[in-house]
Amino acid sequence: MNRHRARRLQDPGPAAPRPLSSVPQLHRQLGQITRQLQEAMGLLGALPGLHRSALDLPDARSRLAAIERRSFAAADRVLNAVEQAKQERQRIAAAARDLARATPADAAGMRLRAALSEIEAAAGRVDAQLTDIMVAQDFHDLTGQMLAKVGALAIELEAKLLQLMEQARVPMPGPAPRGEDTAASQREVDDLLAKLGL
Amino acid sequence: MSDPSQLKFLIVDDFSTMRRIVRGLLKEMGCQHLSEAEDGQVALNMLRTSRFDFVVSDINMPVMDGFALLAAIKADETLRHLPVLMVTAEARKDDIVRAAQSGAAGYIVKPFSKAVLEDKVQRILSKMGVTA
């Protein structure tokens with residue numbers, strides 16, 4: 001066996017982290033990490049950047065609020081248009097039905113009835129499309145909730161960044177990732193409900 | 001029991017866009033008596049002053065959220081028979097379990113299609129003995 005191989009076999013490798021035996025010990029270690037982070041940020045010139053970020057956050061929040069207002073107005077306009085279009089569709093379909101009933105059953109009349117029947121069927125398809133457009137406006141609800149959460153996070157972040165500048169300078173935790181505790185689809189929701197007897 | 005067109009629905013959501021969408025879909029299903037509330041507290045006041053047959057409620061709302069509304073409905077002797085369909089952007093499993101254990105009649109995750117809402121409402125109506 002050569003010397004290198006013998007040393008590899010005897011080498012226990014990097015020491016496993018030892019459990020912290022007390023809260024004061026944990027605090028000391030956290031303090032040490034914080035000081036190291038402060039030094040590293042100072043060396044990297046990150047503190048002035050963070051200060052600028054904190055000052056930019058109110059502007060970011062007002063932009064988020066503007067997005068929310070504009071998306072609400074857009075969804076509202078679409079829903080108004082869809083509701084009016086659905087009423088128009090009903091009137092077109094009803095007129096086509098009435099005209100078909102009043103059309104004589106001769107050769108020309110039969111052609112007209114066929115055309116009116118197609119108009120009524122097309123109006124039905126248009127209605128289904130309008131329903132899809134209506135349901136798609138739920139984006140406003142979903143994005144609105146996300147914007148509200150991001151806005152709240154921005155307020156919290158702003159306060160903590162300013163505090164960081166002045167005193168403790170601790171790093172911010174990131175958002176929680178989507179994990180095992182979240183159902184991925186309606187099917188998964190249904191399966192879970194079925195298991196619960198619903 | 002009477003047909004769905006005679007039933008009174010209460011749609012509870014803090015987003016007016018969502019209330020309009022659910023209202024539109026229920027209307028297409030033949031439901032004619034549709035009312036709206038912007039949070040759980042407003043909904044509870046309406047439920048205590050007028051007769052309703054079906055509640056479709058969001059979960060995340062200001063003042064009183066959907067879980068608190070559900071709990072208040074199930075704790076009220078005169079309201080506990082009401083089916084409550086939860087419609088929410090939250091797909092968290094513990095929320096789904098909590099809703100089921102609190103007495104929700106169904107749970108729909110946004111975004112949803114017309115077919116999903118129709119299916120859930122029809123299932124609940126069938127359990128109530130209502131025929132379309």
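Basis of the calculations
Residues numbered from 1 in each chain as written. Chains lettered and ligands numbered in written order. Predicted model: local features only at pLDDT ≥ 70, side-chain atom pairs only at ≥ 80, totals over all residues. Heavy atoms only, no water. Helix = DSSP H or I, 4+ residues; strand = E, 2+ residues; numbered from the N terminus. Contact = heavy atoms within 4.5 Å. Areas by Shrake-Rupley, 256 points an atom, 1.4 Å probe, with all protein chains shown as cover. Buried < 20%, exposed > 50% of the residue type's maximum accessible area, 1.4 Å probe, protein only. Core = buried A, V, L, I, M, F, W, Y, C linked by side-chain atoms within 4.5 Å. Buried area = accessible area lost by both parts, 1.4 Å probe. Salt bridge = Lys/Arg side-chain N within 4 Å of Asp/Glu carboxyl O. Polar contact = N/O pair within 3.5 Å; in protein donor to acceptor, adjacent residues only side chain to side chain. Nonpolar A, V, L, I, M, F, W, Y, C, P; charged D, E, K, R; others polar. Expected span 1.5 Å × (residues − 1). Axes fitted to C-alpha atoms, helices over the stretch in contact; angles between N-to-C directions. Parallel < 35°, antiparallel > 145°, perpendicular 65-115°, else oblique. Left-handed = near helix turned anticlockwise from the far one by under 90°.

A.B. asks: How should I be thinking about the overall build of chain B in this particular structure?
C.D. replies: Within chain B one finds 5 helices and 5 strands. Within chain B, contacts between residues separated by at least 24 positions form 63% of all contacts whose residues are at least 6 apart in sequence. Total accessible area computed for chain B in this model is approximately 5400 Å², and 49% of it derives from carbon and sulfur atoms.

A.B. asks: In this structure, what is going on with the overall build of chain A? I would like to understand it.
C.D. replies: Within chain A, the secondary structure is distributed over 6 helices and 0 strands. The buried share of chain A, taken over its 198 residues, is 22%. Long-range contacts, defined as pairs at least 24 residues apart, comprise 68% of the intrachain contacts of chain A with a sequence gap of at least 6. Of the roughly 14400 Å² of accessible surface on chain A, a fraction of 59% belongs to carbon and sulfur atoms.

A.B. asks: What am I meant to see in the nonpolar core here?
C.D. replies: Soluble globular proteins: nonpolar side chains tend toward being buried together. Counting residues in hydrophobic clusters, the biggest one holds 31 residues, and the most contacted among them are B:Val12, B:Leu47, B:Leu69, B:Ile73, B:Met86 and B:Tyr107. Among the secondary structure elements, those contributing two or more residues to this core are α6 (186-195) of chain A together with β1 (8-12), α2 (40-49), α3 (66-75), β4 (84-88), α4 (93-101) and β5 (106-109) of chain B. Of the residues forming this core, the biggest block, 5 residues, is contributed by α3(B). Those residues within four positions of B:Val12 in sequence are excluded, and the remaining contacts are B:Ala37, B:Asp39, B:Gly40, B:Ala43, B:Val55, B:Val56, B:Ser57, B:Asp58, B:Met61 and B:Leu69. Counting 28 residues, the second largest nonpolar core, distinct from the first, contains B:Phe9, B:Leu34, B:Ile108 and B:Val130.

A.B. asks: Could you clarify how one ought to interpret the interface of chain B and chain A in this entry?
C.D. replies: Interface size is commonly expressed as the accessible area that is lost once the parts come together. Facing 33 residues of chain B, the contacting portion of chain A comprises 32 residues. Both sides together, the interface formed by chain B and chain A hides about 2700 Å², and carbon and sulfur atoms give 61% of it. The largest per-residue losses of area from chain B upon contact with chain A belong to B:Phe15, B:Arg20 and B:Lys93, which jointly make up 26% of the total buried on that side. In this assembly, chain B and chain A are joined by 6 salt bridges. Of the charged contacts in the structure, one is a salt bridge between B:Lys93 and A:Glu188, with a shortest N-O distance of 3.2 Å. At the junction of chain B with chain A, the criterion picks out 11 residue pairs in polar contact (both at pLDDT 80 or more). Those elements that provide at least two residues to the side of chain B that touches chain A are α1 (16-28), α4, β5 and α5 (114-128) of chain B. The biggest single contributor to the side of chain B that touches chain A is α1(B), with 8 residues. Split into classes, the residues belonging to the side of chain B that touches chain A amount to 17 nonpolar, 5 polar and 11 charged.

A.B. asks: Which parts of the structure should I look at to understand the side chain of B:Thr17?
C.D. replies: Along the chain, the position of B:Thr17 falls in helix α1. Setting aside anything within four residues of it in sequence, one finds B:Thr17 in contact with A:Phe72, A:Ala75, A:Leu79, A:Gln137 and A:His140.

A.B. asks: Even after reading the chapter, I still don't get α1(B), so can you show me in this structure?
C.D. replies: Since the α-helix packs 3.6 residues into each turn, any two residues three or four apart lie on the same face. Residue and element names in this part refer to chain B. Across its 13 residues, α1 extends 18 Å between first and last C-alpha, which sits within 8% of the 18 Å expected from 1.5 Å per residue. Among all positions in α1, only Thr17, Met18, Arg19, Arg20, Ile21, Val22, Gly24, Leu25 and Leu26 are buried. Once α1 ends, the next one or two residues include Gly30, with phi positive near 95°.

A.B. asks: Would you take a moment to explain the pattern of salt bridges for this structure?
C.D. replies: Should their charged atoms come close, side chains of opposite charge can pair. In total, this model carries 24 salt bridges over all chains according to the counting rule given. Note that B:Arg51 is salt-bridged to B:Asp53, the shortest N-O span being 2.5 Å. Assessed through its relative accessible area of 13%, B:Asp53 is described here as buried. Via salt bridges that share partners, A:Lys86, A:Arg89, A:Asp127, B:Glu28 and B:Lys114 belong to a single interconnected network.

A.B. asks: Would you explain the packing of α6(A) against α4(B) in this entry?
C.D. replies: Describing two packed helices takes the angle between their axes plus the distance from one axis to the other. It is at 10 Å that the axes of α6(A) and α4(B) come closest, and there the two elements cross at 45°. Taken together, the axes of α6(A) and α4(B) lie oblique to each other. In this structure, α6(A) meets α4(B) at a crossing whose hand is right-handed. From α6(A), A:Glu188, A:Val189, A:Leu192 and A:Leu193 reach across to α4(B), where they touch B:Lys93, B:Ile96, B:Val97 and B:Ala100. Considering only residue class, the contact of α6(A) with α4(B) consists of 6 nonpolar, no polar and 2 charged.

A.B. asks: How do you make sense of the packing of α2(B) against α3(B) when you look at a structure like this?
C.D. replies: Residue and element names in this part refer to chain B. Closest axis-to-axis distance for the α2/α3 pair is 9 Å, and the angle between their directions is 25°. The angle between α2 and α3 falls in the class roughly parallel. Crossing hand, α2 versus α3: right-handed. Of α3, the residues touching α2 (which contributes Gly40, Ala43, Leu44 and Leu47) are Leu69, Ala72 and Ile73.

A.B. asks: Looking at this model, I keep getting lost on the environment of B:Ala91. Mind explaining?
C.D. replies: All names here are of chain B. The topology assignment puts Ala91 in the loop between β4 and α4. Assessed through its relative accessible area of 8%, Ala91 is described here as buried. Spatially, the C-alpha atoms of Ala91 and Tyr107 are 9.5 Å apart, while their sequence positions differ by 16 residues.

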